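# Fold and contact review
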Amino acid sequence: MRAFDLATQREAMGYQWLSWSVSHIGHRLTGSPQGAKAENAADSLFRLSGLPVVQRFPFTAQAWSRGTVQLTVSGMDTSMHIDAVALANTPLETSVEAPIVDIGNGLAIDLDRVGEQVKGAAVMVNLGLVNAPEGSRNLHRSEKAALAIEHGAAAIIFVNQVEGHVLLTGTASINGNLIGIPAACIATEDGARLRLSLQEGVPLRARLSMTNKSEQVRANDIIAEIPGTKWPEEVILVGGHLDSWDLATGATDNGLGSFSILDLARAMAAAPIKPERTIRFVLFMGEEQGLLGSRALVEHYREMGELDRIRCMINLDMTGNPRGFGVAGPEGWKDVVTASCATIHELDTAAFAGQVSEEVWLHSDHQPFLLHGVPVLYPLSDLGKHVYGCYHSSCDDIHLVDPQAMVNNVRFVGPMLYLLASAEQLPSHFSEDGLRQRLIDAGLEGPLRIGGDWPW
Ligand SMILES: [Zn+2]
């Protein structure tokens, strides 16, 4: 383990490969030429690293992509264009002109306060929570969109809260279907300007026009494997999404995770110690448009009767400098992960605290595995406000990536893989009842039902 740690630090390639990718490929949107290039690059890097098994898992899915968007706001005697980006799953072609009504944070209480004015309006909504009453819980942008639509809004203008003219994208739909009205995001500075006019009593009208595409795309999850020496039929799967949104290069979401996995595969293929169970490295595509690649792969495993062989899944999504692991597994998994974390902690007591937390969350590639009962683990990261502020945004670029954070991904996830691969016994999958109860206890039944993903 010590030798692996030293080699990992000496020979790390993840950051260099990611830097190359952001400058030569750019973003990695599924179904775009850049997405295909990223798939090819990942395939080549696995092969160059000497992985004995490298495969593509092709899938097709309906995916949304942006075309054009134009937002014009007119006041008493002026009219101006405002930079905007369409949110995903907005209509394919629409043009709406309507009065702007500020609905603040867009929560139910805000809509109640504004009342009838929402009907037929272009509502202006904060993505975050601004001056919200104590104890308010923010809603996802798709939930805010659903609420506004329910109240009769004609268009939605989301105002970002990150300074520096930052625009954000991501889905505006709670279930992946196209929504019926246009929704776009504008920068915090522009939002402030519009609000100033409204406060001065100047009525504003917005014209929001957009064209988008929704088409059948073909993409590939890229998969590599190191066969286990003792239990080759049992698999520890480590994955993360390679695709990104298209407003920037997706260096942190999820270049951080996916290029760390490429480096992890390189390091493990080069190491003299071989895992006793099979380690499978999976780079998913289509995560951002709705977990398309992981859903397809899990469905394939289910059809082939292979899900039982996957003992657990570790998901690296926006992962850097892990300080421990979160775990969602039935009885026994927390103990296994805690014991492994204690061993890894010995490698670097300062960098890896070895924290373990039991938690279940959704909306990344572990979700389809979890919903089929596979125990899942996630490295615990705190990347800082400057990174999270650029999530899905025009500023998610390489300057936000700390090279050492990627090295530490490999240093601490690698040993976890070796330890899980060599454990004499691993706890089982979730039972159906156990999983159902676990999801209910975590408050996830509602969100899963809204997305059409509740399995019961
Ligand atoms: Zn992500």
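So, on to the overall build of the protein. Looking only at helices and strands, the protein features 14 helices and 14 strands. Computed over its C-alpha atoms, the radius of gyration of the protein comes to 23 Å, within 12% of the 23 Å expected for a compact globule of 456 residues. Overall size of the protein, expressed as C-alpha extent along the three principal axes, is 75 × 45 × 45 Å. For the protein, with 456 residues in total, the buried portion stands at 51%. At a minimum sequence separation of 6, the contacts of the protein that also span at least 24 residues come to 82%.

When strand S1 (residues 53-74) meets strand S8 (residues 205-226), the two strands line up antiparallel, connected through 21 bridges. When the sheet's bridge partners are listed, Val54 is paired in S8 with Ala224. Alignment of S8 against strand S10 (residues 277-284), held across 5 bridges, turns out to be antiparallel. Within S10, the residue paired with Glu225 across the bridge is Arg280.

For Leu419, the position within the fold is in helix H12 (residues 403-422). Overall, the presence of 19 C-beta atoms within 10 Å leaves Leu419 in the partly exposed class. Here the alpha-carbon distance between Leu419 and Met1, two residues 418 residues apart in the chain, equals 9.7 Å. For Leu419, the contacting residues outside a window of four places in its chain are Ser340 and Thr343.

Before going further, it helps to examine helix H2 (residues 14-24). Side chains three or four residues apart in an α-helix point the same way, a direct result of the helix having 3.6 residues per turn. Here H2 has its buried residues at Gly14, Tyr15, Trp17, Leu18, Ser21 and Val22. Take H2 and look down its axis: the buried residues cluster within an arc of 160 degrees, on one side only. The exposed residues of H2 that point more than 90 degrees off its buried face are Ser23 and His24. Residues of H2 that are buried in the fold lie against helix H3 (33-48), helix H7 (251-270) and H12. At the C-terminal side of H2, Gly26 shows a positive phi close to 90 degrees.

All right, on to the domain arrangement of the protein then. One can read the domain layout of the protein as domain 1 (2-52 + 227-450) and domain 2 (68-213). If you average the C-alpha positions of domain 1 and of domain 2, the two centres end up 34 Å apart. In this complex, domain 1 contributes 11 residues to the contact, which on the side of domain 2 involves 12 residues. Here the residues of the side of domain 1 that touches domain 2 are counted per class, giving 5 nonpolar, 6 polar and no charged.

Attention now moves to the packing of helix H9 (residues 333-345) against H12. The geometry of H9 relative to H12 is characterised by a closest axis approach of 10 Å and an angle of 130 degrees between their N-to-C directions. Taken together, H9 and H12 sit at an angle that is classed as oblique. In this structure, the crossing between H9 and H12 has a hand that is right-handed. Mapping the contact onto sequence places Ser340, Thr343 and Ile344 in H9 and Phe412, Pro415, Met416, Leu419 and Leu420 in H12. Counted by class, the contact of H9 with H12 contains 6 nonpolar, 2 polar and no charged residues.

This part covers unusual backbone geometry. Of note, the bond from Asp253 into Asn254 is cis; its omega dihedral lies within 30 degrees of zero at 5 degrees. Assignment of secondary structure puts Asn254 in helix H7. One non-glycine residue, Asn89, adopts positive backbone phi at about 65 degrees. Here Asn89 shows up in the loop between strand S3 (85-86) and strand S4 (93-102). Residue class for Asn89 comes out buried when judged on the 24 C-beta atoms lying within 10 Å of it. Positive phi, normally seen in glycine, also occurs at Asn321, with a value near 45 degrees. Relative to the elements of secondary structure, Asn321 occurs in the loop between strand S11 (310-315) and strand S12 (324-328).

A separate point is the pairing of strand S5 (residues 122-126). In terms of burial, S5 is a largely internal element, 5 of the 5 residues being buried. Residues Ala122, Met124 and Asn126 of S5 are buried on one face, and the alternating residues Val123 and Val125, pointing to the opposite face, are buried as well. Here S4 pairs with S5 via 3 bridges, running parallel. Across the sheet, residue Asp102 finds its bridge partner in S5, namely Met124. As judged from the 5 bridges shared by S5 and strand S6 (residues 155-159), these two strands associate in the parallel manner. Bridged to Met124 within S6 is Ile157. Traced from S5 through helix H5 (residues 141-150) to S6, the parallel crossover comes out right-handed.

What follows deals with the packing of H2 against H7. Orientation of H2 relative to H7, taken along the N-to-C sense of each, is 130 degrees, at an axis distance of 8 Å. Looking at the two axes, H2 sits oblique to H7. In this structure, H2 meets H7 at a crossing whose hand is right-handed. Where H2 abuts H7, its residues Gly14, Trp17, Leu18, Ser21 and Val22 lie against Ala251, Gly255, Phe259, Ser260, Leu262 and Asp263. Of the residues that constitute the contact of H2 with H7, the class distribution is 6 nonpolar, 4 polar and 1 charged.

A separate point is the nonpolar core. Core analysis: the biggest nonpolar cluster contains 134 residues, and Val123, Ile156, Ile157, Phe158, Ala184 and Val238 have the highest contact counts within it. Three or more residues apiece are contributed to this core by two domains, here domain 1 (2-52 + 227-450) and domain 2 (68-213). Beyond its immediate chain neighbours, meaning those up to four positions away, Phe158 contacts Leu87, Val125, Leu127, Arg141, Ala183, Ala184 and Cys185.

Calculation notes
By convention here, each chain's residues receive numbers from 1 onward along its written sequence. pLDDT decides what is reported in this predicted model: residues at 70 or higher carry local features, side-chain atom pairs at 80 or more are listed and counted, and totals for whole chains, interfaces and linings draw on all residues regardless. Counting from the N terminus, the helices are the DSSP runs of H or I reaching at least four residues and the strands are the DSSP runs of E reaching at least two. For the radius of gyration, the atom set is restricted to C-alpha positions; the globular benchmark scales as 2.2 Å times the number of residues to the power 0.38. Field definition: a residue is buried when 20 or more other C-beta atoms are found within 10 Å of its C-beta, exposed when 12 or fewer are, and partly exposed for counts in between, with C-beta atoms placed from the backbone. Two residues form a contact once the distance between their C-beta atoms, set from the backbone, is within 7 Å. A pair of strands is considered paired only if DSSP assigns at least 2 bridges between the two. The directions considered for the arc are those from the helix axis to the C-beta atoms. The split of the chain into domains comes from an automatic or database domain assignment. Residue polarity is assigned by list, with Asp, Glu, Lys and Arg as charged and Ala, Val, Leu, Ile, Met, Phe, Trp, Tyr, Cys and Pro as nonpolar; anything else, Gly included, falls into the polar class. The angle between two axes is taken between their N-to-C directions and runs from 0 to 180 degrees, where each axis is a line fitted to C-alpha atoms and a helix contributes only its stretch in contact. Working definition: roughly parallel below 35 degrees, roughly antiparallel above 145 degrees, roughly perpendicular at 65 to 115 degrees, and oblique for all remaining angles. Left-handed describes a crossing whose near helix is turned anticlockwise from the far helix through less than a right angle; right-handed describes the clockwise counterpart. For the handedness criterion, the strands are oriented away from the viewer, and a crossover whose path from the first strand over the helix to the second runs clockwise is classed as right-handed. Think of a nonpolar core as buried Ala, Val, Leu, Ile, Met, Phe, Trp, Tyr and Cys residues chained together by C-beta atoms that fall within 7 Å.

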